[in-house]
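Breakdown of the fold
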Amino acid sequence: MLDALSRMPWDGFAESTKDTTVRTAALPAIWSEPAKFKEAQDNFQKAVQALVAVSRGGDEAAQKTAIGAVGKTCGGCHQNFREKQQ
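Residues numbered from 1 in each chain as written. Predicted model: local features only at pLDDT ≥ 70, side-chain atom pairs only at ≥ 80, totals over all residues. Heavy atoms only, no water.

Topic: the nonpolar core
Within the largest apolar cluster, 14 residues are counted, with the highest numbers of intra-cluster contacts made by Ile30, Phe37, Phe44, Val70, Cys77 and Phe81. Listed by contribution, the elements that provide at least two residues to this core are α2 (29-32), α3 (34-55) and α4 (60-81). For this core, the leading source of residues is α3, giving six residues. Those residues within four positions of Ile30 in sequence are excluded, and the remaining contacts are Phe13, Phe37 and Phe81. (Core = buried A, V, L, I, M, F, W, Y, C linked by side-chain atoms within 4.5 Å. Buried < 20%, exposed > 50% of the residue type's maximum accessible area, 1.4 Å probe, protein only. Helix = DSSP H or I, 4+ residues; strand = E, 2+ residues; numbered from the N terminus. Contact = heavy atoms within 4.5 Å.)

Re α4
Taking 1.5 Å per residue as the helical rise, α4 with its 22 residues ought to reach 32 Å, and the 32 Å between its terminal C-alpha atoms agrees with that figure. Regarding α4, the residues found buried are Ala66, Val70, Thr73, Cys77 and Phe81. One face of α4 carries all of its buried residues, which in axial projection span an arc of 65 degrees. The exposed residues of α4 that point more than 90 degrees off its buried face are Ala61, Lys64, Thr65, Ile67, Lys72 and Gln79. Looking at the buried positions of α4, the neighbouring elements they touch are α2 and α3. Where α4 begins, one side-chain oxygen reaches toward the backbone nitrogen of Ala61, 3.2 Å away; that side chain belongs to Asp59. (Expected span 1.5 Å × (residues − 1). Arc of directions from axis to C-beta. Polar contact = N/O pair within 3.5 Å; in protein donor to acceptor, adjacent residues only side chain to side chain.)

Everything listed here is a matter of coordinates, which is why it stays silent on function.
Here is the structure:
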């Protein structure tokens, strides 16, 4: 399920949504730095795919490492492309 969910958010960041008047936490950097945003997406999806791969085995340490990597990629994207919540 996580693999499928990891592919879904990006539809909400289509170029056509750039000038929306709806209040979002997305920073303008999403559109001013599209290559960096795409790289963050790709890193997240790769981390999720790695987690899926190790989750089929019984190596708990590898699973914990992969979970940490997913969290790190989530945080990395939010640090650069999401307004800080107060």
